[in-house]
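Fold and contact review
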Amino acid sequence: MSSFKPLRKAVFPVAGLGTRFLPATKAMPKEMLTVVDKPLIQYAVEEALEAGIEQIIFVTGRGKSALEDHFDISYELETTMQARGKSLAAIEGIRQKPGSPVYVRQQEPLGLGHAVWCAREIVGDEPFAVLLPDELMWGTPGFLAQMVEAYHKVGGNLIGALEVAPEETDKYGIITPGEVDGPLTEVLEVIEKPAKGTAKSNLMTPGRYILQPEVMKILDNPVTGAGGEIQLTDAMAQLIGKQPFHGYTFNGQRFDCGGKAGYIQANLALALEREDLGPPVRAFAKRLLG
Ligand code: UTP
């Protein structure tokens, strides 16, 4: 068992503009896009709760009130459904306990690093997880639960580490790997969107992180990085060598639902797994593909 504090808090940055998914995300938050019958944000919150997270922190911005309503009581809907004898099973368990989630505001979308830093007062001096809801991680146990198990052994900082095609490395944070021990890879360096042909590996960092609170101190003095944004990658890279820092390879599937192809793939894959939807969707897909 490591000497690091247990993980209780999770930050969900949901203040981005979602430009890759326009026009759907013009008035609707990207994180409310639905995969089969649940919004992306609900998958991410359930993944965090499964991993034992006790405090949910949303970093929101303008136009994101649908997110807050989703986790609240829907008085009119619930009383009307009850009066009509309809089952509330589909919405039971979404509402959080009184006082939760906590919402902080990112007034301007200056980048992921800035969004995470906006939660600094709530995070305090504890380790915390960061989950990017537009990356749907599908597996049993969930990605964060798998990471938490590894965190109990190695402590420090843990980030996702997934292989991508070598020609795609300029789109992601890329890890320079050290020693590998099962699903854990020592991280020697992590570089956000390295220029084509310069990546040291094809291990990218998907949107799951367990970070020590010292990263917030680094973000107190932000540096503008790739894409003109304050990058979380640049800040956490400064912890390498000072604290344990590992990549964790997820036993499961990743769907990049911030983009249209990944979103459609997620809908298809999750629908095919369902008892109620799998047979008709499979039959239709077969017909469609000839
Ligand atoms: P993305 O890189 O997907 O950015 O952010 P985006 O602005 O949401 O979407 P595109 O690229 O324009 O289509 C990853 C996560 O970080 C949040 C987003 O809401 C998303 O969950 N984010 C990003 C913020 O909260 N604030 C920011 O300034 C940037």
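Residues numbered from 1 in each chain as written. Predicted model: local features only at pLDDT ≥ 70, side-chain atom pairs only at ≥ 80, totals over all residues. Heavy atoms only, no water.

As recorded in an unreviewed UniProt entry, the chain goes by the name UTP--glucose-1-phosphate uridylyltransferase, listed as coming from Sphingomonas jeddahensis. Quoted verbatim from the Catalytic activity (unreviewed entry) heading of the UniProt record, the comment on the chain is "alpha-D-glucose 1-phosphate + UTP + H(+) = UDP-alpha-D-glucose + diphosphate". On record in UniProt, under Sequence similarities (unreviewed entry), the comment for the chain is "Belongs to the UDPGP type 2 family." (UniProt positions renumbered as here; feature names shortened; annotations may be inferred.)

Turning next to the overall build of the chain. Check the secondary structure of the chain and you find 10 helices and 15 strands. At 19 Å, the chain has a C-alpha radius of gyration in line with the 19 Å of a compact globule built from 290 residues. In terms of its C-alpha atoms, the chain occupies a principal-axis envelope of roughly 60 × 50 × 40 Å. A buried classification covers 48% of the 290 residues belonging to the chain. A fraction of 76% describes how many contacts in the chain between residues 6 or more apart in sequence connect residues 24 or more apart. Taken as a whole, the chain presents about 14,600 Å² of accessible surface, with 54% of it coming from carbon and sulfur. For the chain, the centre of its 29 positive side-chain charges and the centre of its 36 negative side-chain charges are spaced 5 Å apart. (Helix = DSSP H or I, 4+ residues; strand = E, 2+ residues; numbered from the N terminus. Rg over C-alpha atoms; globule rule 2.2 N^0.38 Å. Buried < 20%, exposed > 50% of the residue type's maximum accessible area, 1.4 Å probe, protein only. Contact = heavy atoms within 4.5 Å. Areas by Shrake-Rupley, 256 points an atom, 1.4 Å probe, with all protein chains shown as cover. Lys, Arg positive; Asp, Glu negative; His and termini not counted. Charge placed at Lys NZ, Arg CZ, Asp CG, Glu CD.)

At a closest axis distance of 7 Å, the pairing of helix H9 (residues 260–273) and helix H10 (residues 278–289) adopts a crossing angle of 125°. The angle between H9 and H10 falls in the class oblique. Classified by chirality, the crossing of H10 by H9 is left-handed. Contact with H9, carried on its side by Leu-268, Ala-271 and Leu-272, involves Gly-278, Val-281 and Arg-282 of H10 and no other residues of that element. Here the residues of the contact of H9 with H10 sort into four nonpolar, one polar and one charged. (Axes fitted to C-alpha atoms, helices over the stretch in contact; angles between N-to-C directions. Parallel < 35°, antiparallel > 145°, perpendicular 65-115°, else oblique. Left-handed = near helix turned anticlockwise from the far one by under 90°. Nonpolar A, V, L, I, M, F, W, Y, C, P; charged D, E, K, R; others polar.)

Here we take up the packing of aromatic side chains. Applying the stated criterion across every chain yields a total of seven aromatic pairs. One aromatic cluster is present, built from ring pairs that chain together Phe-12, Phe-58, Phe-71 and Tyr-103. For the cation-ring pair, Lys-38 lies above Tyr-43, with the distance from its terminal atom to the ring centre recorded as 4.7 Å. Taking the ring centre of Trp-117 as reference, the NZ or CZ of Arg-120 above it sits at 3.7 Å. (Phe/Tyr/Trp six-rings, centres within 6.5 Å; stacked < 30°, edge-to-face > 60°. Lys NZ or Arg CZ within 6 Å of the ring centre and 35° of its normal.)

The local shell around the ligand holds 18 residues, among which Pro-13, Thr-19, Arg-20, Gln-106 and Gly-111 are the closest. Within the contact set of the ligand, an oxygen atom lies 2.8 Å away from a backbone nitrogen or oxygen of Pro-13. Between the ligand and Ala-15 there is a distance of 2.8 Å, counted from an oxygen atom to a backbone nitrogen or oxygen. Contact with the protein chains covers 84% of the free accessible surface of the ligand, which is 560 Å². Of the residues assigned to the shell around the ligand, the class counts are nine nonpolar, five polar and four charged. (Near = heavy atom within 4 Å. Polar contact = N/O pair within 3.5 Å; in protein donor to acceptor, adjacent residues only side chain to side chain.)

Another point: the environment of Val-281. Inspection of the secondary structure assignment puts Val-281 in helix H10. Sequence-wise, Val-281 and Tyr-209 are 72 residues apart; in three dimensions their C-alpha atoms are separated by 34 Å. Sequence-distant contacts of Val-281, defined by excluding residues within four places in its chain, comprise Leu-268, Ala-271 and Leu-272.

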